[in-house]
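Geometric and topological summary
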Amino acid sequence: GKGVGRALVVGATGQTGSEVVRQLLEERGRCTAVVAYGNSRRPHYDGPNSELLEPRQAKLEELATSRSAELSGFDTLFIHVGTQKRKAGLEGQRKLEFDDTLAVATAAKAGGCKQCHIVTSQGASASSSFQYMQTKG
């Protein structure tokens, strides 16, 4: 596949997020670097090309607000939106998560990011471009 350049992965510690990190790093040449944020801890990866990984920790809401400056300078964003079962019933929680996701994508785009992939627990990318997010606005 085509390279994704400098990749940013948000929500990298869950099963889906860590799978994204693994796929990006496992095949040499797919990316030049991966900065991966875990929600409550730094992501762990010990497979091939692990020297390209910079693990960080930040909650989605922090990246959407006080730490949005860290989202600058990437080519591709993979953001894992995980609505945990126990929270999924709360409408406010879902809206908050969507708003934060949108804010993170917007900040990354403002910082020069060209592609945004929304990754759900099904693994499918709901969107492969910013146009999708703009129409949802």
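Before reading on, note that the structure itself is shown above.
What comes next concerns the included structure. Quick caveat: nothing in here was measured; it's all calculated off a predicted structure.

The biggest cluster of nonpolar side chains holds 19 residues, and the ones touching the most others in it are Leu8, Val10, Leu63, Leu77, Ile79 and Val104. Of all the elements in the fold, those that place two or more residues in this core are strand S1 (6-10), strand S2 (33-38), helix H2 (60-64), strand S4 (76-80), helix H4 (91-110) and strand S5 (115-119). Not counting chain neighbours up to four residues away, the residues in contact with Val104 comprise Val10, Leu60, Leu63, Ala64, Leu71, Leu77 and Ile79. By size, the runner-up hydrophobic cluster in this structure holds 15 residues, among which are Leu24, Cys31, Val34 and Ala36.

Secondary-structure assignment places Glu51 in the loop between S2 and strand S3 (53-57). Each C-alpha atom of the pair Glu51 and Leu25 lies 9.3 Å from the other, and the pair is 26 residues apart in sequence. Within the structure, Glu51 has its side chain in polar contact with the side chain of Arg28 (distance 3.1 Å).

Moving on to the environment of Val21. Residue placement: Val21 occurs in helix H1 (residues 15-26). Separated by 23 residues in the primary sequence, Val21 and His44 place their C-alpha atoms 9.5 Å from one another.

Our focus in this paragraph is the pattern of salt bridges. Applying the stated criterion across every chain, the model contains nine salt bridges. Between Glu70 and Arg56 there is a salt bridge, with its nearest N and O atoms 3.8 Å apart. Taken together, the positions of Glu70 in the loop between H2 and S4 and Arg56 in strand S3 put the pair 14 residues apart, joining distant regions of the chain. On the basis of relative accessibility, which here comes to 26%, the residue Glu70 falls in the partly exposed class. Of the charged contacts in the structure, one is a salt bridge between Arg67 and Glu62, with a shortest N-O distance of 3.6 Å. For Glu62, a relative accessible area of 27% corresponds to the partly exposed category. Each of Glu54, Arg56, Glu62, Arg67 and Glu70 takes part in a single network of salt bridges with overlapping partners.

So, about H4. Compared with the 28 Å implied by 1.5 Å per residue over 20 residues, the 28 Å span of H4 between its first and last C-alpha is a close match. Gly112 sits one or two positions beyond H4 and adopts a positive phi of about 105°.

Let us now look at the pairing of S2. The buried fraction of S2 is high, at six of six residues. Of the two faces of S2, the one carrying Ala33, Val35 and Tyr37 and the one carrying Val34, Ala36 and Gly38 are both buried. Relative to S2, S1 runs parallel, the two being bridged by five bridges. If you follow Ala7 over to S2, its bridge partner there is Val34. After leaving S1, the chain enters H1 and then returns to the sheet as S2, a path that is right-handed. Pairing geometry for S2 and S3, over five bridges, is parallel. By the bridge assignment for S3, Gly38 is matched with Gln57.

About the cut-offs
Residues numbered from 1 in each chain as written. Predicted model: local features only at pLDDT ≥ 70, side-chain atom pairs only at ≥ 80, totals over all residues. Heavy atoms only, no water. Core = buried A, V, L, I, M, F, W, Y, C linked by side-chain atoms within 4.5 Å. Buried < 20%, exposed > 50% of the residue type's maximum accessible area, 1.4 Å probe, protein only. Helix = DSSP H or I, 4+ residues; strand = E, 2+ residues; numbered from the N terminus. Contact = heavy atoms within 4.5 Å. Polar contact = N/O pair within 3.5 Å; in protein donor to acceptor, adjacent residues only side chain to side chain. Salt bridge = Lys/Arg side-chain N within 4 Å of Asp/Glu carboxyl O. Expected span 1.5 Å × (residues − 1). Pairing = 2+ DSSP bridges. Right-handed = clockwise from strand over helix to strand, strands pointing away.

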